[in-house]
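# Structural characterization, general
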Amino acid sequence: MKDGRIGFGVVGLGVGRTRAKMVAECDDAVLVAVSDAQHDRLTAFAEQMECDAHSDYLEMVERDDIDCVLVMTPSGMHATMAAEVMRRGKHVATTKPMDVRLEAIDAATAVAEETGLVYAVDFGRRYEDEPRRIVRAMREGRFGRPILATIEMKWKRDEEYYGGWRGTWELDGGGSMANQGIHQLDLMQWVMGPVTRVCGHYAIAGHHNCQTEDLALAMLEFESGARGSIVTTTTWTGAQITRVGIH
């Protein structure tokens with residue numbers, strides 16, 4: 001704690017820049033330091049936010065004035081970095097997804113259980129009023145018996161978007177479904193409950209630089225007996241579409 005506020009450190013200044021600004025805007029939190037592998041970006045942002053800069057995130061984690069670290073790096077680094085943070089006695093939150101490898105997620109979860117520290121994942125839609133009211137109504141049986149859940153997510157990403165780590169198996173672990181569609185997937189499962197069966201198909205339809213997929217289709221069966229369908233793509237050229245339907 002610093003002046004009675006929770007001290008935060010942020011690793012990764014891609015999406016981490018928005019999260020760092022959110023910390024700075026919170027009365028009960030203070031942005032202590034940021035870390036990034038790109039020195040110029042790190043220095044400029046630290047000056048902008050009036051916080052300390054560390055090129056080595058583990059060095060930053062050792063600080064006594066940091067209570068929680070936000071890991072905002074490429075997906076394939078999340079769980080390993082989260083485990084290292086918790087081993088040094090700090091709470092941690094990663095951006096979605098937890099990781100691209102189950103073994104890394106299991107290892108980090110084991111560290112969280114051993115240490116008793118918070119290990120959270122950045123699914124912001126769970127804090128919005130409308131999804132929370134829908135989940136509460138579903139749990140109370142006010143909607144009756146769920147029959148069908150659908151996701152339609154049609155977005156556009158340029159070829160350059162897949163020029164780095166995005167769309168790679170090693171660091172992204174997937175494409176339109178694992179990266180863009182994951183918030184809708186989380187919302188669907190939160191409302192509908194566990195999935196017992198799934199089948200699907202994926203393709204690279206419009207991006208030469210993408211290793212994983214830019215078009216994905218899936219059909220689901222939930223534990224409740226309800227069915228589900230998912231369509232995600234980053235090849236769409238019209239107005240962006242993001243729909244989650246519950247019937």
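Residues numbered from 1 in each chain as written. Predicted model: local features only at pLDDT ≥ 70, side-chain atom pairs only at ≥ 80, totals over all residues. Heavy atoms only, no water.

### Some thoughts on the side chain of Asp 67
- Along the chain, the position of Asp 67 falls in the loop between α3 (57-61) and β4 (68-71).
- We note that Asp 67 is buried and unpaired, the nearest opposite charge coming from Lys 90 at a distance of 6.4 Å.
- A polar side-chain atom of Asp 67 sits 2.7 Å from the main-chain amide nitrogen of Gly 7. (Helix = DSSP H or I, 4+ residues; strand = E, 2+ residues; numbered from the N terminus. Buried < 20%, exposed > 50% of the residue type's maximum accessible area, 1.4 Å probe, protein only. Lys, Arg positive; Asp, Glu negative; His and termini not counted. Salt bridge = Lys/Arg side-chain N within 4 Å of Asp/Glu carboxyl O. Polar contact = N/O pair within 3.5 Å; in protein donor to acceptor, adjacent residues only side chain to side chain.)

### What to know about the sheet that holds strand β5 (residues 91-95)
- As summarised here, the arrangement of the six strands in space is β3-β2-β1-β4-β5-β6, forming an open sheet in which the pairing is parallel. Each of the sheet's edge strands pairs with one partner strand only, and the pair in question is β3 (52-54) and β6 (119-122). Put simply, the sheet's adjacent strands are angled 25° from each other on average, direction ignored.
- Pairing of β5 with β6 involves four bridges; the strand directions are parallel. Paired with Ala 93 across the two strands is Ala 120, which belongs to β6.
- Those strands touched by helix α1 (residues 16-24) are β1 (6-11), β2 (29-35), β4 and β6, and its axis lies near 155° from that of β2. (Pairing = 2+ DSSP bridges. Axes fitted to C-alpha atoms, helices over the stretch in contact; angles between N-to-C directions. Contact = heavy atoms within 4.5 Å.)

### Observations concerning the packing of helix α4 (residues 78-87) against helix α5 (residues 102-115)
- Two elements in contact, α4 and α5, have axes whose closest approach is 8 Å; the angle formed by their N-to-C orientations is 20°. By the angle class used here, α4 and α5 are roughly parallel. The two elements α4 and α5 cross, and the hand of that crossing is left-handed. Residues Ala 79, Thr 80, Ala 83, Met 86 and Arg 87 of α4 touch α5, and the partners they reach there are Ala 104, Ile 105, Ala 108, Val 111, Ala 112 and Thr 115.
- A per-class count over the contact of α4 with α5 returns eight nonpolar, two polar and one charged. (Parallel < 35°, antiparallel > 145°, perpendicular 65-115°, else oblique. Left-handed = near helix turned anticlockwise from the far one by under 90°. Nonpolar A, V, L, I, M, F, W, Y, C, P; charged D, E, K, R; others polar.)

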